[in-house]
Amino acid sequence: MSALTNLDQIVSCITGYDPDALPVDKALEVIDGLCAPVTQTLAIERVAVREALGRVLAEDLISPINVPSHDNSAMDGYAFDGSQLQVSDAQVRLSVVGEAFAGRVYSGECPAGACIRIMTGAVMPRGCNTVIPQEFTERQGEEIVFLSRAVRSGDNRRLAGEDLAAGHPALQAGRIIRPADLGLVASLGYAELPVRRRLRVAFFSTGDELRSVGEPLEAGCVYDSNRYTIFGMLRRLGVDVVDMGVIADQPEALENAFRRAAESSDAIVTSGGVSVGEADFIKSMMAKLGDVTFWRIAMRPGRPMAFGRLWSGEAVGEGQSAVLFGLPGNPVAVMVTFYIFVRHGLLTMLGAQAEQGLPLNVVSDERIPKKPGRTEYRRGQLFIGPDGRAKVRTTGGQGSGILRSMSDANCLVVLDHETNLIEKGEPVKVLPFDGLV
Ligand code: AMP
Ligand code: MG
């Protein structure tokens, strides 16, 4: 048997654990328990800075230098010693004794009564701590006079290290690298970054009624859409995907597919086959392959779900293993359980900082009644009301199979476990689908 934590160990630490009426937050705790240890074994690779976009930083990145490396000017203007500003109320008049450009340092002196013509980004000349912007001055031959006294000592100067200080972490391990981070890393002079290797995620759909696009649709059949939404959501997470197609509801075919998936991937995402009628034969088969629990989660949509670890070998604990997310079959239930559980689990496996999509509080544009004792996710459209405030309305039919309203949505409206009603005009929690891309 392996040293990996098993579900019984994890579950025994959770108070009030009931797999048949499991609150969303308890399910997340179990998922954390099984997924977090994976981070320790996930290889680290060094990639060129640009290749790190969207990847998870594996180690703290310590700044080797001060950025900026010298005090420098924030404006085009004239640099001088700001202590001269207090001397009198008379109009300030300074003689221009030199020039400093970005990348070209002025190395001479700047005595009292003098100033240096300076450009944005140029190193502050010795003896100078203040810059007066050009537009506040008038040039008179070799002198300038101040047209305004709005400048105080120290103004318009950027200090060495004010962006990043040498020896301090510039970025912390677990960071998902964004465009600003690429620039920040480049400003430190790094050409490569240590990132976690990409996760490999296998996925397939189950159901005798499913047809793949391109096949004729016989009576009673539906096209397999889950493999498309799952593909899209996985791609957005930046994982490597392995599409295993549609697997029929036959024990042998399923067992074979699960073993192949466990052999080749870090995680497996399936849809269908976990609802009450179907779960029984799957349950007995899963017991052979791994350590899997079947939940009825106190949520809507997306109640039934299987979660655990599967092995590719002849017995549990033998061969390769992968974390299993057995999602429900209904297309919207698949998407909601993916966003809430699979996304969380995969980011946890990657050791990504808890960046789980920040919920926002916005004004509900409608009255939303709801049953207490379960978390509900409604499909919502965020918009800006005539008063300039962000509001949300739901997008129509909320049945767990209705993809139309999911496609029309730009967020999920989250109605917490205990909530029984949101009145029109009251604040409500939303999870936006997209930040800036
Ligand atoms: P199940 O959980 O397998 O009983 O499936 C629940 C519902 O979701 C049934 O109506 C299925 O036909 C439907 N369904 C299951 N898998 C898919 C899929 N991959 N694409 C579209 N609909 C599906
Ligand atoms: Mg099915």
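The coordinates are above.
To start, this report covers the structure provided alongside it.

### Remarks on the overall build of the protein
(1) Moving on: Along the backbone of the protein there are nine helices and 28 strands.
(2) Moving on: For 437 residues, the compact-globule estimate of 2.2 N^0.38 gives 22 Å, and the C-alpha radius of gyration of the protein, at 30 Å, exceeds that figure by more than 25%.
(3) Moving on: Projected onto its principal axes, the C-alpha coordinates of the protein cover approximately 90 × 50 × 50 Å.
(4) Moving on: By residue count, 46% of the 437 residues in the protein fall in the buried class.

### Digging into the site of ligand 1
(1) Moving on: Taken together, 15 residues lie near ligand 1, and Glu209, Asp224, Ser225, Gly273 and Glu278 sit nearest.
(2) Moving on: With respect to ligand 1, the backbone of Gly273 contributes an N or O atom lying 2.9 Å from an oxygen atom.
(3) Moving on: Contact distances for ligand 1 include 2.7 Å between an oxygen atom and a side-chain N or O atom of Glu278.
(4) Moving on: The protein chains hide 78% of the 480 Å² of surface that ligand 1 would expose on its own.
(5) Moving on: Partitioning the shell around ligand 1 into residue classes produces three nonpolar, nine polar and three charged.

### Notes on the nonpolar core
(1) Moving on: Trp295, Phe307, Phe325, Phe341 and Leu346 are the most contacted members of the largest nonpolar core, which has 52 residues in total.
(2) Moving on: Among the elements that make up this core, the one with the highest residue count is helix α8 (residues 331–349) (11 residues).
(3) Moving on: Three or more residues apiece are contributed to this core by two domains, here domain 1 (7–42 + 197–349) and domain 4 (360–435).
(4) Moving on: The next biggest cluster of nonpolar side chains, apart from the first, holds 23 residues, and it includes Ile268, Ala279, Ile282 and Met286.

### As for the pairing of strand β24 (residues 375–384)
(1) Moving on: Counting buried positions over the 10 residues of β24 gives seven, a clear majority of the element.
(2) Moving on: Bridge count for β24 against strand β26 (residues 411–415) is five bridges, and the pairing is antiparallel. In the sheet register, Arg378 faces β26, and the bridge partner there is Val413.
(3) Moving on: Here five bridges tie β24 to strand β25 (residues 390–394), and the two strands are oriented antiparallel to one another. Note on β25: the bridge partner recorded for Gly380 is Thr394.
(4) Moving on: Here β24 hands over to β25 after five residues, with Gly388 in that stretch at a positive phi of 85°.

### Examining the coordination of the magnesium ion (ligand 2)
(1) Moving on: Here the magnesium ion (ligand 2) is held by Glu278 (OE) and Glu278 (OE), and the distances to it run 2.8 Å.
(2) Moving on: Here Glu278 lies in helix α7 (residues 276–289).

### Notes on the packing of helix α2 (residues 24–35) against α8
(1) Moving on: Relative to each other, α2 and α8 sit at 30°, their axes nearing to 9 Å. With respect to α8, the axis of α2 lies roughly parallel. In this structure, α2 meets α8 at a crossing whose hand is right-handed. Residues Val24, Ala27, Leu28, Ile31, Asp32 and Cys35 of α2 form the contact with α8, whose participating residues are Ile340, Phe341, His344, Gly345, Thr348 and Met349.
(2) Moving on: When the residues that make up the contact of α2 with α8 are grouped by side-chain class, the tally is eight nonpolar, three polar and one charged.

### Digging into the environment of Ser187
(1) Moving on: Within the secondary structure, Ser187 is located in helix α4 (residues 179–187).
(2) Moving on: As for Ser187 and Pro68, which are separated by 119 residues in sequence, their C-alpha atoms are 8.8 Å apart.
(3) Moving on: Apart from the residues within four sequence positions on either side, Ser187 is in contact with Ile65, Val67 and Leu164.
(4) Moving on: Among the polar contacts made by the side chain of Ser187, one reaches the main-chain carbonyl oxygen of Leu184 at a distance of 2.7 Å.

### Observations concerning the state of the cysteines
What is meant by a disulfide is a covalent connection between two cysteines, made through their sulfur atoms.
(1) Moving on: Taken as a whole, this structure holds zero disulfides when the rule is applied.
(2) Moving on: Cys35 supplies the cysteine sulfur nearest to Cys13, a cysteine that is in no disulfide, at a spacing of 16 Å.

### Considerations on α4
Residues spaced three or four apart along an α-helix point in a common direction, a consequence of the helix completing one turn every 3.6 residues.
(1) Moving on: Those residues of α4 that sit buried are Asp181, Leu182 and Val185. Looking straight down α4, one finds that the buried residues subtend no more than 105° of arc, so they occupy a single side. Turned more than 90 degrees away from the buried face of α4 sit Pro179 and Ala180, all of them exposed.
(2) Moving on: Along its buried surface, α4 packs onto β2 (61–62), β11 (169–171) and β12 (192–196).
(3) Moving on: One or two residues past the end of α4 sits Gly189, with phi positive at roughly 90°.

### Quick notes on the side chain of Ser405
(1) Moving on: Checked against the element boundaries, Ser405 lands in helix α9 (residues 403–407).
(2) Moving on: If near-sequence neighbours (up to four positions away) are discounted, Ser405 is found in contact with Arg379, Thr395, Gly396 and Gly397.

Here is what the cut-offs are and how they apply
Residues numbered from 1 in each chain as written. Chains lettered and ligands numbered in written order. Predicted model: local features only at pLDDT ≥ 70, side-chain atom pairs only at ≥ 80, totals over all residues. Heavy atoms only, no water. Helix = DSSP H or I, 4+ residues; strand = E, 2+ residues; numbered from the N terminus. Rg over C-alpha atoms; globule rule 2.2 N^0.38 Å. Buried < 20%, exposed > 50% of the residue type's maximum accessible area, 1.4 Å probe, protein only. Near = heavy atom within 4 Å. Polar contact = N/O pair within 3.5 Å; in protein donor to acceptor, adjacent residues only side chain to side chain. Areas by Shrake-Rupley, 256 points an atom, 1.4 Å probe, with all protein chains shown as cover. Nonpolar A, V, L, I, M, F, W, Y, C, P; charged D, E, K, R; others polar. Core = buried A, V, L, I, M, F, W, Y, C linked by side-chain atoms within 4.5 Å. Domains from an automatic or database assignment. Pairing = 2+ DSSP bridges. Donors = N, O, S within 2.8 Å, 3.2 Å for Na, K, Ca; no water. Axes fitted to C-alpha atoms, helices over the stretch in contact; angles between N-to-C directions. Parallel < 35°, antiparallel > 145°, perpendicular 65-115°, else oblique. Left-handed = near helix turned anticlockwise from the far one by under 90°. Contact = heavy atoms within 4.5 Å. Disulfide = S-S within 2.5 Å. Arc of directions from axis to C-beta.

Read these as geometric descriptors, not functional statements.
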